[in-house]
Amino acid sequence: MQDKTQQGITLTGRYQGSGRGFGFFIPEGGEGRKDDCFVPPRRDGGAWDGDTVEAVMEGEDPKAPGRYLARITKIIERGNQNVTGTIHKANREIWLRPDSDRLGEAIKVLGKAKVKEGEKAAVKVRSYGSPHTSPTGTLCATFGPAGSRSASTEAILFQQDIHREFPDEVALEAQKAPQEVEEAARKGRLDLRDKLIITIDGAASKDLDDAVSLEHDGDNWVLGVHIADVSHYVTPGSALDEEAFARGTSVYFADQVVPMLPIALSNGICSLNEGVDRLAMSCFMTMDKEGNILSHRVAESVIRSTHRMTYSDCNALLAGTDPALEARYADMLPMLREMWTLSKALEKKRRNRGSLDLDTQESYILCDNEGNPVEILARHQGESEKLIESFMLCANETVAKHLFDAKFPGVYRVHEKPSMDKTENLKAMLAPLGYSLKIADGHSLQKVLDAAKGKPEAPTVSMMVLRSMMKARYDVENLGHFGIGADYYCHFTSPIRRYPDLMVHRCLHALLTKTGGKRLGRDCEKAASQSSQREIAAQTAERDIDKLYFAQFMHSHIGETFPATVSGVTRFGLFAALPNGVEGLIPVETLPEDEYAYDEIRMTLTGERTGTVYTFGMELEVVCVAADEGTGRVEFQLAGRADVPGCEGAWAGGRADAGPRSGLKTSPSRREGSRVTTPARSSTARGSKKAPSKRRSNKPAMHVPKQKKKGKGR
């Protein structure tokens, strides 16, 4: 990154709006918030949050030493071509108030749109406005009454370009797929139909894309990982392939899935269902007792799964707690037990080379027949889940090395080591908890994790380490995987639900048949880029939609007290997580009255009069005081505190799902140690009787007219 301190230099980056006139310029190549520049009011050049822009550096801010100023001079690419929000009508005009707090101005809807007041909708932006005119757009979708989970869910899917329905030509191709493996497709394949091969998945899973086997070769093991050969049915250039490429991945939330492939394929001919022939790509790995791979073989195969096992049944079998179950699966129980032994050897091997064992928590949402959440549970890995995880990791590594050694095109899953900036921030956050870190290599990080294991702060330390990591992505260059300590890694094991896995299968087929060439390399580059982008979109949608379910669930628990842990610290309050994973905001206005100093590096809020320090990982007792299923926002207060009116103001300044770069209710300053005074009472008006402003300005909020009345993750 070029030196932002050089006054007059022009840099490219992203604009982050606040919705209140000012914003921040995030330069390309920046390694943290220390590189961000403040954009004062009326210097945004008409940029909206998320736009790619050019900015001129204007030197250090005389009012805030250490903070640099920027002025947006050119908008390179708009980040908001479609905007979702709530419909409001005024003076026979239709306006859309954006869902995002960072888009501060209402958009005028052109044409005679048939929409209702208060309806959740989306518009395609036609004009981004000017200092004297409002932005305009045309209606492109409606989702139902704003404030409902269902409408917000569909709006989130729309925002991330995720479509439930398949185009007609894609559905037609899927219907034409064979219902069973044809004789011609079996020719030339390794026949494994007489082998003991099992699938192990969740009880509700219907797209079974991986199966495993284990045999002896003298004193060694031969582990077989057999993956559904989706590439046989989804061919390059077909409508199915183009749609799978566009989707990139399946999307899972609560009790629903938006699949990458039509169900006719994902749950049918491509699923390794019990007792039926299926085409597969098999990876055989011969290992010694320590889990070291002595040799391997990749082959096109045809298999017939012997048993469709579930995690719960396999966990019971390994625990030896169900004699009837043991009798039912007597034919495969010895193999399962040996698999467990091998998985432990593989786990030990990974740990010895620096793989990280992060104690992360996932939540499992149980829904009733109407799809409403009735319980939220913390998901825990059992022995069979760990077993399958170990085998899939091993196969992914082996296939990646296979392609790399052959100097053949491939799509790798890469994860680079933490940056210096992230490492320094992690050191600063760990220090108050009594943990020291010299270097951020796998062994040193695991040493910290091991030291915290069994202690109350263990989940917090794991989350700190996780947040210090770089984002994993796809690339045609093998850069290794820091998190699992692997020199070679790719995604091979889930082609039903991930496009990069499908591409890896195509590469293996081409390598086995000596075909492919330059086109395959270009296709891999496109797949790596597209899949990385679609993965982020899917993860964002899954996270945001799950929050809607969390909020709907918590709405029936308003007034109840829960144990919680501080999961985030910002200027505008604390984020607190319950044991089941539900996270909510404790607005700074509701903390005991004091003047709080915010330390961004150590993630603390410190009361200057009382000396009270709120920090990441701190255990609290909280009361749920608000939950909005339409936004996914949950609000807590400290137990024992009287209700403070007007605490909804924190939502106006920063979304409850906001991270460190969210809009701030208080000062726009990002300096370490900024102070926030908590009043005894506060109130924030979200509405106004005035029509939307015709001019972009430094107003604290947008004004509109008053209304008239889930997987496996490997």
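Residues numbered from 1 in each chain as written. Predicted model: local features only at pLDDT ≥ 70, side-chain atom pairs only at ≥ 80, totals over all residues. Heavy atoms only, no water.

**Student:** A description of the overall build of the protein should follow, citing residues and the corresponding values.
**Tutor:** Along the protein, the regular secondary structure elements total 15 helices and 32 strands. Per-residue burial for the protein yields a buried fraction of 53% across its 714 residues. With the model as given, the accessible surface of the protein reaches about 31700 Å², and the carbon-plus-sulfur share is 49%. (Helix = DSSP H or I, 4+ residues; strand = E, 2+ residues; numbered from the N terminus. Buried < 20%, exposed > 50% of the residue type's maximum accessible area, 1.4 Å probe, protein only. Areas by Shrake-Rupley, 256 points an atom, 1.4 Å probe, with all protein chains shown as cover.)

**Student:** Tell me about the pairing of strand 20 (residues 362–367), and please be specific about residues and values.
**Tutor:** Bridge analysis of strand 20 against strand 21 (residues 373–379) gives six bridges, and the strand direction is antiparallel. Paired with Y364 across the strands is L377, a residue of strand 21. (Pairing = 2+ DSSP bridges.)

**Student:** Report on the packing of helix 2 (residues 168–175) against helix 4 (residues 239–247), specifying residues and quantitative values.
**Tutor:** At a minimum axis distance of 8 Å, the contact between helix 2 and helix 4 shows a crossing angle of 120°. Classed by the angle they form, the pair helix 2 and helix 4 counts as oblique. Two packed elements cross with a definite hand, and for helix 2 against helix 4 that hand is left-handed. Residues E169, V170, E173 and A174 of helix 2 touch helix 4, and the partners they reach there are A239, L240 and E243. Of the residues assigned to the contact of helix 2 with helix 4, the class counts are four nonpolar, no polar and three charged. (Axes fitted to C-alpha atoms, helices over the stretch in contact; angles between N-to-C directions. Parallel < 35°, antiparallel > 145°, perpendicular 65-115°, else oblique. Left-handed = near helix turned anticlockwise from the far one by under 90°. Contact = heavy atoms within 4.5 Å. Nonpolar A, V, L, I, M, F, W, Y, C, P; charged D, E, K, R; others polar.)

**Student:** So what's going on with the nonpolar core? Which residues, and what values?
**Tutor:** If you look at the biggest cluster of nonpolar residues, it comprises 84 residues, and the most contacted ones within it are I200, V225, F391, L403 and F492. Other than its neighbours up to four places away in sequence, F492 contacts I227, M281, C283, A395, N396, V399, D501, V504, H505 and L508. In this structure, V258, I376, L449 and F636 belong to the second largest nonpolar core, which totals 58 residues. (Core = buried A, V, L, I, M, F, W, Y, C linked by side-chain atoms within 4.5 Å.)

**Student:** Give a detailed account of unusual backbone geometry, specifying residues and quantitative values.
**Tutor:** Within the chain, D161 stands out as a residue other than glycine whose phi angle is a positive 60°. Here D161 lies in the loop between helix 1 (149–159) and helix 2. According to the relative accessible area criterion, D161 is partly exposed, its value standing at 48%. The phi torsion at K407 lies on the positive side, around 55°, for a residue other than glycine. Checked against the element boundaries, K407 lands in the loop between helix 9 (383–405) and strand 22 (412–414).

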